[in-house]
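Summary of structural features
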Amino acid sequence: GFAEPVFPPQPDRVAIVTGGTDGIGYATAKQLARLGMHVIIAGNNDSKAQDVVRRLKEETLNDKVEFLYCDLASLTSIRQFVQKFKKKKIPLHVLVNNAGVMMVPQRKTRDGFEEHFGLNYLGHFVLTNLLLDSLREAGRPGRTARVVTVSSATHYVGELRMRDLHGSRCYSPHGAYAQSKLALVLFTYHLQRLLAAQGSPVTANVADPGVVDTDLYRHVFWGTRLIQKMLGWWAFKTPDEGAWTSVYAAVTPDLEGIGGRYLYNEKETKSLTVTYDRDLQRQLWATSCQMTSIPDVTQDTLLG
Ligand SMILES: NC(=O)c1ccc[n+]([C@@H]2O[C@H](COP(=O)([O-])OP(=O)(O)OC[C@H]3O[C@@H](n4cnc5c(N)ncnc54)[C@H](O)[C@@H]3O)[C@@H](O)[C@H]2O)c1
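Everything numeric here is computed off the predicted structure, so don't read it as measured data.

1. Notes on unusual backbone geometry
Excluding glycine, most residues fall at negative phi; most peptide bonds, likewise, are trans. A positive phi angle, near 55°, is found at Lys 89, a position not held by glycine. Structurally, Lys 89 is set in the loop between helix 3 (75-87) and strand 4 (94-97). The backbone of Met 103 shows a phi angle near 55°, a positive value even though the residue is not glycine. Inspection of the secondary structure puts Met 103 in the loop between strand 4 and helix 4 (115-138).

2. Some details on the site of the ligand
Every one of the 29 residues lining the ligand counts as a neighbour, but Asp 22, Asn 98, Tyr 177, Thr 214 and Tyr 217 are closest to it. Asn 44 has a polar side-chain atom sitting 3.3 Å from an oxygen atom of the ligand. The fraction of the free accessible surface of the ligand (820 Å²) that becomes covered by protein chains is 95%. Taking a 2 Å distance to the grid points as the criterion, the majority of the atoms of the ligand fall inside the largest pocket.

3. Remarks on a nonpolar patch on the surface
There is a patch of nonpolar side chains on the surface, built from Phe 221, Trp 222, Leu 226, Ile 227, Met 230, Leu 231 and Trp 233 and spanning about 870 Å² of accessible area. Tracing the sequence through the fold places Leu 226 in helix 6 (residues 222-235). When its relative accessible area of 43% is taken as the criterion, Leu 226 is described as partly exposed.

4. Details of the nonpolar core
Ile 16, Phe 81, Tyr 121 and Leu 191 are the most contacted members of the largest nonpolar core, which has 49 residues in total. Of all the secondary-structure elements, those providing two or more residues to this core are strand 1 (14-18), strand 2 (38-43), helix 3, helix 4, strand 5 (145-150), helix 5 (173-198), strand 6 (202-208) and helix 8 (278-292). Examining the composition of this core, we find that 11 residues originate from one element, helix 4, more than from any other. Not counting residues within four places of it along the chain, the set of residues in contact with Leu 191 comprises Thr 128, Leu 132, Val 147, Ala 204 and Trp 285. Ranked by size, the runner-up nonpolar core spans 30 residues in total, among them Tyr 26, Val 52, Val 65 and Leu 255.

5. Brief notes about helix 7 (residues 239-251)
Compared with the 18 Å implied by 1.5 Å per residue over 13 residues, the 18 Å span of helix 7 between its first and last C-alpha is a close match. Among the 13 residues of helix 7, 10 are classified as buried, and the element is accordingly described as predominantly covered. Within helix 7, the full set of buried residues consists of Gly 242, Ala 243, Trp 244, Thr 245, Ser 246, Val 247, Tyr 248, Ala 249, Ala 250 and Val 251. Residues of helix 7 that are buried make contact with helix 1 (23-34), strand 4, strand 5, strand 6 and strand 7 (262-264).

6. Details of the environment of Met 37
Residue position: Met 37 is located in the loop between helix 1 and strand 2. The class for Met 37 is buried, based on a relative accessible area of 0%. For the pair Met 37 and His 93, spaced 56 residues apart in sequence, the C-alpha to C-alpha distance is 9.6 Å. Each residue touching Met 37, except ones within four places of it in the same chain, is listed here: Gln 10, Arg 13, Val 14, Ala 15, Leu 32, Asn 62, Lys 64 and Val 94.

7. So, the layout of surface pockets
Approximately 990 Å³ is the volume attributed to the largest pocket. Taken together, 45 residues make up the lining of the largest pocket; nearest its centre are Asn 98, Ala 99, Gly 100, Val 101 and Leu 216. Put simply, the parts of the chain that give the lining of the largest pocket at least two residues each are helix 1, strand 2, helix 4 and helix 5. Looking at the lining of the largest pocket residue by residue, the classes come out as 20 nonpolar, 16 polar and nine charged. As a volume, the second largest pocket reaches approximately 190 Å³. A breakdown of the residues in the lining of the second largest pocket according to their chemical character gives six nonpolar, six polar and four charged.

Conventions adopted
- Residues numbered from 1 in each chain as written.
- Predicted model: local features only at pLDDT ≥ 70, side-chain atom pairs only at ≥ 80, totals over all residues.
- Heavy atoms only, no water.
- Helix = DSSP H or I, 4+ residues; strand = E, 2+ residues; numbered from the N terminus.
- Near = heavy atom within 4 Å.
- Polar contact = N/O pair within 3.5 Å; in protein donor to acceptor, adjacent residues only side chain to side chain.
- Areas by Shrake-Rupley, 256 points an atom, 1.4 Å probe, with all protein chains shown as cover.
- 1 Å grid on protein atoms, 1.4 Å probe; cavity = no way out; pocket = protein on both sides within 12 Å on 5 of 7 lines; lining within 4 Å.
- Sits in = over half its atoms within 2 Å of the grid points.
- Patch = residues over 30% accessible without salt bridge, like charges linked within 9 Å, V, L, I, M, F, W, Y side chains within 5 Å.
- Salt bridge = Lys/Arg side-chain N within 4 Å of Asp/Glu carboxyl O.
- Buried < 20%, exposed > 50% of the residue type's maximum accessible area, 1.4 Å probe, protein only.
- Core = buried A, V, L, I, M, F, W, Y, C linked by side-chain atoms within 4.5 Å.
- Contact = heavy atoms within 4.5 Å.
- Expected span 1.5 Å × (residues − 1).
- Points joined across faces, edges and corners; volume = space filled by probe spheres on them.
- Nonpolar A, V, L, I, M, F, W, Y, C, P; charged D, E, K, R; others polar.

Set out below in structure tokens:
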């Protein structure tokens, strides 16, 4: 009973989709390519890349689909990806921060960050900051460039432990995932305020895909996995359905010039109360800048 939304064609626009080799990211890349966009998949899944690109080209009849290696669990790899992208000398209109891991055992990224926080959140924090100049250049009033960041309803039970962001004192895989998804919401709202304060032709929104039948659940308790296998078709959205909110945020004319929204089923919804706390947003942003050696441009711009 799911009616596919219809969006205007998007020729001459370029999108980067992180984690576009699988699940919701694959479906997002496919739908954007169908709309005529040049889609670049940023992924760490080299072995799948060729096949995925071939399938996407076949399914969308769009030849402008490519893969560029980007391991979001490595700051060096993210910087190399951005360099490679900028060498192409093409504009960037849409960045979909989609990739993620869930409930992985306690382990660290290359730079020593807890994996959920480091990959899901800090990886996208760095990627977005390094691509902001490209997004600003490509956007224009009336046709803004867009950052779409995929969070999750799990953020509602998240807690940001500013004194122990890496969960070294007490680690829970669920808590670490929820914290990373909460951080992405705080980041998006702060980013949107920065962009608005600078008068940048770029907007930032959060997309919540709902519960979607993908391999994200590979690390959860086996009982939950079994339920997914048996009832997934009935209780979960398909990846195509889950991708619509990201696609909506990326292209709908309804959101032209509008940012700072938490979107679920293509509608604005309230996120957890604490996500609107500007002091917390600022604190997280400043700490993230320190952790990743990104200059904090918001310090002078956003005082209020
Ligand atoms: N599936 C759900 O029910 C659900 C619900 C809410 C939110 N989400 C969010 O949707 C997003 C996509 O998840 P999915 O369900 O499609 O899962 P998935 O496991 O099918 O896809 C995750 C993607 O992230 C990529 N990825 C993982 N580690 C990476 C790394 N180090 N560098 C680059 N890419 C990496 C994977 O290669 C894969 O392409 C995630 O952010 C997830 O938190 C999913």
